[in-house]
Amino acid sequence: MVDAVLFELLHTEMVAELWAPDSDLDPGPGVSAGRGGRGQRTSLQVLEGVGFRVGQALGERLPREMLAFREELDVLKFLCKDLWGAVFQKQMDSLRTNHQGTYILQDSSFPLLVHVGSGLQYLEEAPKFLAFTCGLLRGTLSTLGIKSLVSASVAALPACKFQVVIERS
């Protein structure tokens, strides 16, 4: 319980720091950090990169008892149950697939969005709270040998969907 609160506070501070108008993040010459087009994109990339690295570390540590997954679906089930349980102390609500390499992971009460307001005006703020988790999923999949693209969408807060598209070689 305490771990979850600390993680949520850390995540909130990372988002707040990257979106602060006077952020120390230096995206390069001619690009403004904080609010605005390229600055937001850079902040999202930084959050996703941090999540990717955390996902890689968790992917190395968590599945020790499941060293060889038989199928992609087994790996995605691992993400929905074990990874989500380790990070958010709950399981993902739904996993769907088209059996062609696209998976939809749905959480009806995503912990990092629960503290965000529930009105439509807050939907535009949602991506900055989802970027870390997209990186987390992508990093874990990468460590488990699956190259993927992960995106997130929100139709109504605090529910969200993560789309995982497996890249075929």
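Criteria and thresholds
- Residues numbered from 1 in each chain as written.
- Predicted model: local features only at pLDDT ≥ 70, side-chain atom pairs only at ≥ 80, totals over all residues.
- Heavy atoms only, no water.
- UniProt positions renumbered as here; feature names shortened; annotations may be inferred.
- Helix = DSSP H or I, 4+ residues; strand = E, 2+ residues; numbered from the N terminus.
- Buried < 20%, exposed > 50% of the residue type's maximum accessible area, 1.4 Å probe, protein only.
- Contact = heavy atoms within 4.5 Å.
- Areas by Shrake-Rupley, 256 points an atom, 1.4 Å probe, with all protein chains shown as cover.
- Pairing = 2+ DSSP bridges.
- Axes fitted to C-alpha atoms, helices over the stretch in contact; angles between N-to-C directions.
- Expected span 1.5 Å × (residues − 1).
- Salt bridge = Lys/Arg side-chain N within 4 Å of Asp/Glu carboxyl O.
- Parallel < 35°, antiparallel > 145°, perpendicular 65-115°, else oblique.
- Left-handed = near helix turned anticlockwise from the far one by under 90°.
- Polar contact = N/O pair within 3.5 Å; in protein donor to acceptor, adjacent residues only side chain to side chain.

The protein is annotated in an unreviewed UniProt entry as Trafficking protein particle complex subunit 6A from Pipistrellus kuhlii. Under Function (unreviewed entry), UniProt gives the following word-for-word description of the protein: "May play a role in vesicular transport during the biogenesis of melanosomes."

## Topic: the overall build of the protein
On a plain count of helices and strands, the protein comes out with five helices and four strands. Sequence-ordered secondary structure for the protein, helices as α and strands as β, is α-α-α-β-β-α-α-β-β. Taking all 169 residues of the protein together, 38% fall into the buried category. Taking the intrachain contacts of the protein between residues at least 6 apart in sequence as the baseline, contacts between residues at least 24 apart amount to 58%. Accessible area of the protein: about 9500 Å², with a carbon and sulfur share of 52%.

## Focus on the sheet that holds strand S3 (residues 148-153)
If you trace the four strands from one edge of the open sheet to the other, you get S1-S2-S4-S3, paired in antiparallel fashion. At either margin of the open sheet sits one strand with a lone partner, and together these are strand S1 (94-97) and S3. Neighbour-to-neighbour, the strand axes of the sheet open up by a mean angle of 20°, direction not taken into account. Looking at chain direction, strand S2 (residues 102-107) and strand S4 (residues 160-166) are connected through six bridges and run antiparallel. Residue pairing for S4: Tyr 103 is matched across the bridge by Val 164. The strands touched by helix H3 (residues 72-88) within the sheet are S1, S2 and S4, with S2 carrying the most contacts at an inclination of about 15°.

## Remarks on helix H5 (residues 126-143)
Between its terminal C-alpha atoms H5 stretches 27 Å, which fits the 26 Å expected from 18 residues at 1.5 Å a residue. Immediately downstream of H5, the backbone of Gly 145 shows phi near 90°, a positive value.

## A word on the pattern of salt bridges
Enumeration according to the criterion identifies five salt bridges in this entry. Asp 107 is paired through a salt bridge with Lys 90; the nearest N and O atoms lie 2.5 Å apart. Of this pair, Asp 107 sits in strand S2 while Lys 90 sits in the loop between H3 and S1, and the two are 17 residues apart along the sequence.

## A look at the packing of H3 against H5
How two helices pack is summed up by the angle between their axes together with the distance between the axes. Between H3 and H5, whose axes approach to 11 Å, the crossing angle comes to 125°. Taken as axis vectors, H3 and H5 run oblique relative to one another. Our pair here, H3 against H5, has a crossing hand that is right-handed. For the pair formed by H3 and H5, the contact residues are Val 75, Leu 76, Phe 78, Leu 79, Leu 83, Trp 84, Val 87 and Phe 88 on the first element and Thr 133, Leu 136, Leu 137, Thr 140 and Leu 141 on the second.

## A few points about the side chain of Lys 128
Mapped onto the elements of the fold, Lys 128 is located in helix H5. Side-chain polar atoms of Lys 128 contact the side chain of Glu 125, separated by 2.5 Å. When neighbours within four sequence positions are excluded, Lys 128 is seen to be in contact with His 11, Val 15, Trp 19, Leu 44 and Leu 47.

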